[in-house]
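# Topology and contacts: notes
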Amino acid sequence: MTSEGAAEPSAGLYVHVPFCARRCTYCDFDFEVGRVPQRARYVAGLQRELAARRDELAQLQPRTLYVGGGTPSLLGADGLAALVAQLRDAVALDRLREATCELNPEHVDAAMVAALAACGFDRVSLGVQSLQPAALRQLGRVHTPQQALAAVRTCLAAGLATSVDVIVGWPGQDAALLDADLAPLLDLGVAHLSIYALTIDEPPDRRGAPWRTLVRRGLRRMPDDDVQAELLAHTESMLARAGLRHYEIASYGRAGVRARHNCAYWTWQDYVGLGPSAASARYHDDGGVRRRDNPRTLAAWAQGAPPTVEDLPPEAAAREGLWLGLRQLEGLDETAFARRFGAAARGCDAVLAAAIARGDLERAAGRLRVTPTRWLHHDAIAARLLQG
Amino acid sequence: MNDPQAKPAVPTAPPQSRIRSFCIIAHIDHGKSTLADRLMEATGLLGPRDGRAQYLDRMDIERERGITIKAQSVRMAYTAPDGEVYELNLIDTPGHVDFGYEVSRSLKACEGALLVVDAAQGVEAQTLANVYMALDENLEIIPVINKIDLPSADAERVRGEIEEMVGLDCSGAAMVSAKTGIGIDDLLCSIVDRVPPPKGDRQARVRALIFDSWWDSYKGVISMVRVFEGRLRPGAQVRMLSTGKVYQVINVGVFAPEIVELSELAAGEVGFLVCNVKEVGDSKIGDTIADAEDEGAQALPGFKEIQPMVFAGVFPTDNADYPALRDALAKLSLNDASFSYEPETSMALGFGFRLGFLGLLHMEIVQERLEREYDLDLITTAPSVKFVVHGKDGTTTVVDNPAKFPDLGDYESIEEPVIEARIQLPQEYVGPILELCEQRRGIQKDLRYLTPTRVQLVYELPLAEVVFGFYDILKSRSRGYASIDYEPAGHRKSDMVRLDLLVNGEHVDALSLITHRDTAYNRGRDLCIKMKDLVPRQQFEVAIQAAIGSRVIARTTVKAMRKDVTAKCYGGDISRKRKLLEKQKKGKRRLKAIGAVEIPQEAFHAVLSLEDG
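This part is about the overall build of chain B. The secondary structure content of chain B amounts to 14 helices and 32 strands. Residue pairs in contact within chain B that sit at least 24 positions apart in sequence constitute 71% of those at least 6 positions apart. Accessible surface computed for chain B: about 25000 Å², of which carbon and sulfur atoms make up 49%.

Turning our attention to the packing of helix α7 (residues 322-335) of chain B against helix α8 (residues 360-373) of chain B. All names here are of chain B. Contact geometry for α7 and α8: axes closest at 10 Å, N-to-C directions at 120°. The angle between α7 and α8 places the two elements in the oblique class. Classified by chirality, the crossing of α8 by α7 is right-handed. Together, L325, A328, L329, L332 and N335 of α7 and V366, R369 and L370 of α8 make up the contact between the two elements. Looking at the contact of α7 with α8 residue by residue, the class counts come to 6 nonpolar, 1 polar and 1 charged.

Once that is clear, we can look at the packing of aromatic side chains. Using the criterion set out here, one finds 18 aromatic pairs over all chains in the structure. On the numbers, 5.6 Å between centres and 80° between planes, the contact of A:F19 with A:Y42 is edge-to-face. Taken as a pair, A:F19 in the loop between β1 (12-17) and α2 (36-52) and A:Y42 in helix α2 lie far apart in primary sequence, 23 residues in all. One exposure class covers both A:F19 and A:Y42, and it is buried. Clustering of aromatic rings is evident, with ring pairs tying together B:Y322, B:F339, B:Y341, B:F351 and B:F353. Directly above the ring of A:F19 sits A:R39, whose terminal nitrogen or CZ lies 5.9 Å from the centroid. A:R258 extends its terminal NZ or CZ atom over the ring of A:Y247, reaching a point 4.3 Å from the ring centre.

This brings us to the interface of chain A and chain B. Across the contact, 45 residues belong to chain A and 26 residues belong to chain B. In this assembly, chain A packs against chain B so that about 3200 Å² is buried in total across both faces, 52% of it on carbon and sulfur atoms. Between chain A and chain B we count 6 salt bridges in total. Our count for the contact surface shared by chain A and chain B stands at 16 residue pairs in polar contact (both at pLDDT 80 or more). Those elements that place two or more of their residues in the side of chain A that touches chain B are β6 (192-197), α10 (225-241), α11 (260-266), β11 (289-293), β12 (308-312), α13 (314-325) and α17 (378-387) of chain A. At 9 residues, α17(A) tops the list of elements feeding residues into the side of chain A that touches chain B. Looking at side-chain class alone, the side of chain A that touches chain B contains 23 nonpolar, 7 polar and 15 charged residues.

Glancing now at the packing of helix α1 (residues 32-42) of chain B against helix α6 (residues 184-194) of chain B. All names here are of chain B. With their axes 10 Å apart at the nearest point, α1 and α6 run at an angle of 85° to one another. Here α6 runs roughly perpendicular to α1, going by the angle between their axes. Residues L35, R38, L39 and A42 of α1 form the contact with α6, whose own contacting residues are I184, D185, L187 and L188.

Next up on the list: the pairing of strand β14 (residues 361-364) of chain A. All names here are of chain A. The pairing of β14 with strand β15 (residues 367-370) spans 4 bridges and is classified as antiparallel. What sits directly across from E362, in β15, is R369. Where β14 folds back on β15, the antiparallel hairpin that results is connected by 2 residues, among which A365 adopts a positive phi of roughly 50°.

Cis geometry is adopted by the peptide bond preceding A:G70, which originates at A:G69 and carries an omega value of 20°. Among the structural elements, A:G70 can be located in the loop between β2 (64-69) and α4 (76-90). Cis geometry marks the peptide bond from B:A256 to B:P257; its omega dihedral reads -15°. Position of B:P257 relative to the elements: it lies in the loop between β11 (246-255) and β12 (259-262). Positive phi values are uncommon outside glycine, yet A:Q129 reaches one of about 70°. For A:Q129, the position within the fold is in strand β4 (residues 123-129). Since its relative accessible area comes to 5%, A:Q129 is described here as buried. Phi at A:W268 takes a positive value of approximately 60°, unusual for a residue other than glycine. Position of A:W268 relative to the elements: it lies in the loop between α11 and β9 (271-274). Classification of A:W268 as buried rests on a relative accessible area of 4%.

Rules of the game
Residues numbered from 1 in each chain as written. Chains lettered and ligands numbered in written order. Predicted model: local features only at pLDDT ≥ 70, side-chain atom pairs only at ≥ 80, totals over all residues. Heavy atoms only, no water. Helix = DSSP H or I, 4+ residues; strand = E, 2+ residues; numbered from the N terminus. Contact = heavy atoms within 4.5 Å. Areas by Shrake-Rupley, 256 points an atom, 1.4 Å probe, with all protein chains shown as cover. Axes fitted to C-alpha atoms, helices over the stretch in contact; angles between N-to-C directions. Parallel < 35°, antiparallel > 145°, perpendicular 65-115°, else oblique. Left-handed = near helix turned anticlockwise from the far one by under 90°. Nonpolar A, V, L, I, M, F, W, Y, C, P; charged D, E, K, R; others polar. Phe/Tyr/Trp six-rings, centres within 6.5 Å; stacked < 30°, edge-to-face > 60°. Buried < 20%, exposed > 50% of the residue type's maximum accessible area, 1.4 Å probe, protein only. Lys NZ or Arg CZ within 6 Å of the ring centre and 35° of its normal. Buried area = accessible area lost by both parts, 1.4 Å probe. Salt bridge = Lys/Arg side-chain N within 4 Å of Asp/Glu carboxyl O. Polar contact = N/O pair within 3.5 Å; in protein donor to acceptor, adjacent residues only side chain to side chain. Pairing = 2+ DSSP bridges.

Right, dumping it as structure tokens:
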């Protein structure tokens, strides 16, 4: 964890770029398979949101910036530079300590990374997902393994902090194939990995990922939980041997290497999200939190449809805070938790004591963490904390 | 409109020569309710296709399941070809084996019965049982062959079957299609011609038979009665002979099909009675109503107190709902006097009640009504029966709860209730059904061919075996063609043992069951296998064990859930994922935490779905 995360508030700024060249089979994210006219609409919509939230943004002084999607790199080097310029007019970006841009491997070349560095990005997150052609096909990814490895080399050579996304547990994967995905990345010197078990969500109010349709037609299998559990455990030990620390459920980094922006979510920091479907959170002095979700579609957002706002009172915010904080495998900082949620933090004592008695949680050096053998049951533990 | 003087003219009782009272005997799905609808249309009681189909089946559950639970009876005015207007009383009867006693009381109110048989299906066991009852009551039986419009109809075969199986002359059988209305007018003529008019001295002191009672939120307890002697009039003082309690008649009348109040019900008539009775249990089916001042009034024959046959524990999923369950049972018992309940405490399930039912369908209905009408989430245990336990010290106790059944060796002997079951089936299924009856410890009493293709088996079967899913297996092994009817046949000595289930090493009293020693091993093993699929995977491995006393006879393992974790969680995911986690916990209704393990309702009924005996 960023040690200063607890000491000094470090607000984050997220910008959602809602375009993809095509939909990945496992994805139920909000995006547009965008063409040029839509991009003009996006730029105009962003301008509108920046103006509408002028006061909030003026106070923000973000310490981290994350441009995600969708596929931000689809905007091209010029498009990204224009986006940052647009932001810079409305938000003070001079205190940034980390600025990340998500990239698809097929968009990475020397010109692209040079442009990114020129407009202030010092970190990239590469959507590699796998180095196996069969897996990339299943997942519906456009790039080849060779493109992926080339992209990693290019980013590292340009001096960008480089994180790579890898999906684990696709049907047919075994430990050997998993090693074949991870080892080449480690060999190239990748110092940060985001590891996700392949998950096919079924959102109640949306159509969901194409994967489900393919399963219904008998063309795909659902990922197997037991196999995924084994592969996730395998990942943890394999990366530990390579010197990467498992610091959050989906995040691994070498000593001192963290995704600062993402850490803000798990350490109860304020953040502002811009763009369709982007979320914002603002904590109040009493520990309550206001969560704000922008309209999901580009059309609704661009027209200025109002966000969904949810105010969690301190007690509910503290329970949510436990769930989020405990995603950090090193544990949540109990002093920071008490400072953030005040009296509501003390109101969690009983459920925490019960969770510790059950063996779900343990205390170590001022931190409260999920018992190391139980991180694969984080949801069950969290559900009980939210319920208790 | 509120002027009481403006009520429609009150009809006086017609002479007995112009009254015909009859019921309809039919197997489920053979078209009883549809036929009743057509008769009501033909006599102008309902407009064509008036409102809901199956007017008589008023309860939602009845309509959904296509069966009649509580009898409803209507009066129709029919102008016969002779120009006279006849009062036709159609007395509805419940159509399920659980409600044989109610059927027998309803038959008492009739002089005739329509035996409705599906022209494609033929005669079923349940139908036959009711026909025998009707014959015992000396009713005039008119065979009605229904669904003659179906392409698969074989009226000649069915006619022959009725003649062979029931011994009824079918030359005058009515050929109808209740669906299309074919033959309905002829049927009405037959009813007037063939059903005898009622008898009974209208000048004598009143005596009437209660053949149904229910709770109505406007009128209180409503009873359906058949007047045998004298006249029932509002204001009169009457006495219920079984309890000796005296009530004042508030009003009388008929359903046509809505309530019509009358000035009297005279001997030979059928209608409703409202007194100041507070609970349905005080207006017992089969009881006799007499003039309060008639000290020497004789009860009409055949009354008996209803005895529950099947018992199950009912517990709220959330212990805090116990008071709500208690209130719901109190209210429901106002409406249904045929189930019993008393408090029960389970170590596993907490505070609840042990309910007694007439049979398995009755059990399902009561549970469904509790959940639906009172919005409760319930866990019911597997059904059990009453065992007689002869202790070593010479004492005799009755145990209806497996959890209370004594430990192995702590008793001298056990007696279990048995039934005599009549099972009818096409002959090609005889093999598998004989096997089932043998597996279920049946003793064959009779096997005969009713027709060249239909067989009737008579078996003495332990009731405990019948409540463990016998009916479902019977249906599946005969592809739905076997039907069963049964009646209690006393007790017999049996070597019964208590089979306990241990979940994660903890004995779950609510999962205990009583079984014969010879089948205990198989049942324990099958139950462990079944439970393995029903108990959701937990964070840890869960052992399921079956034990007799301290001896574990079978074991399975529910493998630990390996993974339950949200892959990624960033700013945009937080609200949605938190709601999913919260929903996940709401989805856990109907799960009961036993120690650290959550057990779903289905697990308590696992024993009912074991395929093998």
